Amino acid sequence: MSHEYHDLPFWRKYIFSTDHKMIGLQYGITAWIFLLLGFCMVLLMRWQLAYPGQPLPLIGGWFGEDRMPGGIMLPEFYNQLGAMHGTIMVFMGIVPLAVGAFGNYIVPLQIGAPDMAFPKLNMTSYLCYLAGGVVMLASFFLPGGAASSGWTSYPPLAVIAPIGQTAWIIGMVFLISSSLLGALNFIVTIFQLRAPGMTWMRLPFFVWAQLVTAFLLLLAFPPLEAGAVMQLMDRVAHTSFFMPAGLIVSGQHVVNTGGGSVLLWQHLFWFLAHPEVYVLILPAMGIVTEIIANNIRKPIWGLKSMTYSIIAIGFLSFVVWAHHMYITNMGTAISAFFQTTTMIISIPSVIILTCLFISLWGGSIRFNTSMLFALAFLPMFGIGGLTGLPLGLATPDIHLHDTYYVIGHFHYVVAPGTIFALFAGIYYWFPKITGRKMNEVLGQLHFWPSLVCMNFIFFPMLIQGLAGVSRRLYDGGASYAHAQPVLYLNVVMSTAAFIMAAAQFFFIINLFWSMFKGKKVTSDNPWEATTLEWATPTPPGHGNFEHPVTVYRGPYEYSVPGAPKDFSPQCEP
């Protein structure tokens, strides 16, 4: 039965919205705020690493004498910043932006759906995410400060830590619940709400990436949620799931311990956290593929191979987690198994990257800002992947484990990798969301310093790690003899971080200026793209499509011989 659509009151339209587009924007705005806070935390850490023992100029007194007496950072506060930086950037920033924001806004449009399958579940997912983030950030104001046991929350340290660690666990339960609700919604939406003619092999690669990501979230997060509840019980009910017998803290025997296993937590955590790496990177690959296909004006080479590869990554990501645990004395047979699966999982990633590189050959490339970020993603992710191979082998991992090499490797994947892809997506889909284009000059001023500074921040970490400098040293290794030859790199990395922070102001100015003063688009399809989101009004209204759409062809049919124009939209007969 049809019904007339009425305008909703403000709080229903913008606060408790059930429209996938508004929820996507809510996710996006909230995630960018969290990312900004997480970035500010690491800037504080970078000052401490470059100039240990020196007071922070201007704002050092803002943080109180219990954290930074005289403006000089205490080790305890450094640990809190480190733990919360990692947690915020991964669980509260990049994943909600890549999946919650881009996934919510774009997926229903690309498959020709009027909305997500479960709109109220979608709203609940965002509210759980918001609650989890607020609880975690509020922990800075609790006695003893925020969580300080790293983003991995390893016991027994995490079990005996101050109350901020309890808030971390409660926040994680909210965040995990949010991801589970969202993942279920994505799977049902993609399976059930595709437009007529939208067969599996006609799905845009971005939709495939979001579908595989949703399965990873749905299958990998429950073990960590169970582990989080068990760790919460260890903290508040004095159980011993993760607390070993005979534990001595500050010279005192801990009474409420016995029979627990610290390695059990590592298994539960990494069973999620390695698929989580692909939760970060797969949506980025989807975004980059959309942008490259549009800006080379030719079909993606090997698209079907890329699709099969992304499915293979989804399956294999569940059998590689223990390569994070080689030094736990797991035995050579098990180590050999996880070394093998780790090497195998690199193959589909290389296939995807190779297909994108080959696609560039012979293309009529448009070098706009979104394309620059997408192109930069390719070598940056390549460096991240290559530097991960030594960590996937047990022998070099003995030397490299828990050094800055791990930090450099992971950040090459996530920062100039995933975050560059997210920037590319914003520049690309901004005209569809707002009806205006972002400024290209400001975009270039944002891109080039970010690209250069990213490498000056993370490449020296690889050098420090090879020199044996441990991570999580609040003085950057100044108290270690073997770190002296590479200490100067801390100043290089921190200077680059401060310059990169300044470059982000070009993006912030561009974003807000373009919302109101940016050049208006003259059509609903300003990039002359082929996928269905560009067949909607700009911005899309209630129900997304003015008329039901039917899909007639694949997603990237550019420059088809004999066609009247160089792009053939999916919905045109």
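Counting of residues starts from 1 at the beginning of each chain's written sequence and follows it residue by residue. Only residues with pLDDT of at least 70 are given local features in this predicted model, and only at 80 or more are side-chain atom pairs given and counted; all residues enter the totals for whole chains, interfaces and linings. Working from all heavy atoms in the structure, the side-chain values ignore hydrogens and water.

### Quick look at the overall build of the protein
As a reminder, the rule being used: Only DSSP runs of H or I with at least four residues qualify as helices, and only runs of E with at least two residues qualify as strands; both kinds are numbered from the N terminus onward. Using C-alpha atoms as the atom set, the radius of gyration is obtained and then compared with a globule rule of 2.2 Å times the number of residues to the power 0.38. In this analysis, two residues are considered to be in contact whenever any of their non-hydrogen atoms come within 4.5 Å of each other. We count Lys and Arg on the positive side and Asp and Glu on the negative side, and we leave His and both chain ends out. The location of each charge is read from NZ of Lys, CZ of Arg, CG of Asp or CD of Glu.
A count of helical and extended segments in the protein gives 15 helices and two strands. Relative to the globule expectation of 25 Å for 573 residues, the C-alpha radius of gyration of the protein, 24 Å, shows essentially globular dimensions. Expressed as lengths along the three principal axes of its C-alpha atoms, the size of the protein is roughly 80 × 55 × 50 Å. Of all intrachain contacts in the protein linking residues separated by at least 6 positions in sequence, the fraction that spans at least 24 positions is 78%. The positive charge centre, built from 23 side chains, and the negative charge centre, built from 22, are 8 Å apart in the protein.

### Topic: the environment of leucine 184
Basically, it comes down to this: Relative accessible area decides the class of each residue, using a 1.4 Å probe on protein chains only: under 20% of the type maximum gives buried, over 50% gives exposed, and in between gives partly exposed.
In this fold, leucine 184 is placed in helix 6 (residues 164-192). On the basis of relative accessibility, which here comes to 37%, the residue leucine 184 falls in the partly exposed class. Along the backbone, leucine 184 and tryptophan 208 are 24 residues apart, and their C-alpha atoms lie at a distance of 15 Å.

### Here we look at helix 4 (residues 119-138)
Inclusion rule: Helices are assigned an expected span. That span is 1.5 Å times one less than the residue count.
Between its first and last C-alpha, helix 4 extends 29 Å over 20 residues, near the 28 Å set by a 1.5 Å rise per residue. Taken together, the buried positions of helix 4 are Asn122, Met123, Ser125, Tyr126, Cys128, Tyr129, Gly132, Gly133, Met136 and Leu137. Next to the buried residues of helix 4 lie helix 2 (20-50), helix 3 (75-111) and helix 6.

### Points about empty space enclosed by the protein
A probe as big as a water molecule, rolled over the atoms, marks out the empty space that is left. Rules: The pocket and cavity definitions rest on a 1 Å grid over protein atoms only: a 1.4 Å probe that fits but cannot leave marks a cavity, an open set with protein on both sides within 12 Å along at least five of seven lines marks a pocket, and residues lining either have an atom within 4 Å of a point. Grid points are joined across faces, edges and corners, and a volume is the space filled by probe spheres set on the points. Asp, Glu, Lys and Arg are counted as charged, while Ala, Val, Leu, Ile, Met, Phe, Trp, Tyr, Cys and Pro are counted as nonpolar; the rest, among them Gly, fall into the polar class.
For the coordinates displayed, the defined rule picks out two cavities of 30 Å³ or more. The space that makes up the largest cavity amounts to roughly 180 Å³. Contributing to the lining of the largest cavity are 19 residues, with Tyr27, Val95, Pro96, Ser178 and Ser179 lying nearest its centre. The set of elements that each furnish at least two residues to the lining of the largest cavity consists of helix 3, helix 4, helix 6 and helix 7 (205-236). It is helix 6 that provides the largest number of residues to the lining of the largest cavity, a total of seven residues. A breakdown of the residues in the lining of the largest cavity according to their chemical character gives 12 nonpolar, six polar and one charged.

### Topic: unusual backbone geometry
A cis geometry characterises the amide bond from proline 155 onward to proline 156, with omega recorded as 0°. Note that proline 156 resides in the loop between helix 4 and helix 5 (157-160). Cis geometry marks the peptide bond from threonine 538 to proline 539, where omega comes out at -10°. Tracing the chain through its elements places proline 539 in the segment after helix 15 (488-517). The phi angle at leucine 58 is positive, at roughly 65°, despite the residue not being glycine. Mapped onto the elements of the fold, leucine 58 is located in the loop between helix 2 and helix 3. Residue classification places leucine 58 among the exposed residues on the basis of a relative accessible area of 84%. Here histidine 238, not a glycine, exhibits a phi torsion of approximately 60°, which is positive. Here histidine 238 shows up in the loop between helix 7 and strand 1 (248-249).

### Observations regarding the side chain of lysine 298
Under the convention used in this document: For salt bridges, the criterion is a side-chain nitrogen of Lys or Arg within 4 Å of an Asp or Glu carboxyl oxygen. Identification of polar contacts relies on pairs of N or O atoms within 3.5 Å, with a donor-acceptor requirement for protein atoms, meaning one able to donate a hydrogen and the other able to accept it, and with residues adjacent in sequence counted only if both atoms are side-chain atoms.
Tracing the chain through its elements places lysine 298 in the loop between helix 8 (262-296) and helix 9 (303-316). Of the buried charged residues, lysine 298 lacks a salt bridge, with aspartate 566 as the closest side chain of opposite charge at 13 Å. From its side chain, lysine 298 meets the backbone oxygen of serine 359 in a polar contact 3.0 Å long. With near-sequence residues (within four places) excluded, lysine 298 lies in contact with Ala293, Ile358, Ser359, Trp361, Gly362, Gly363 and Tyr558.

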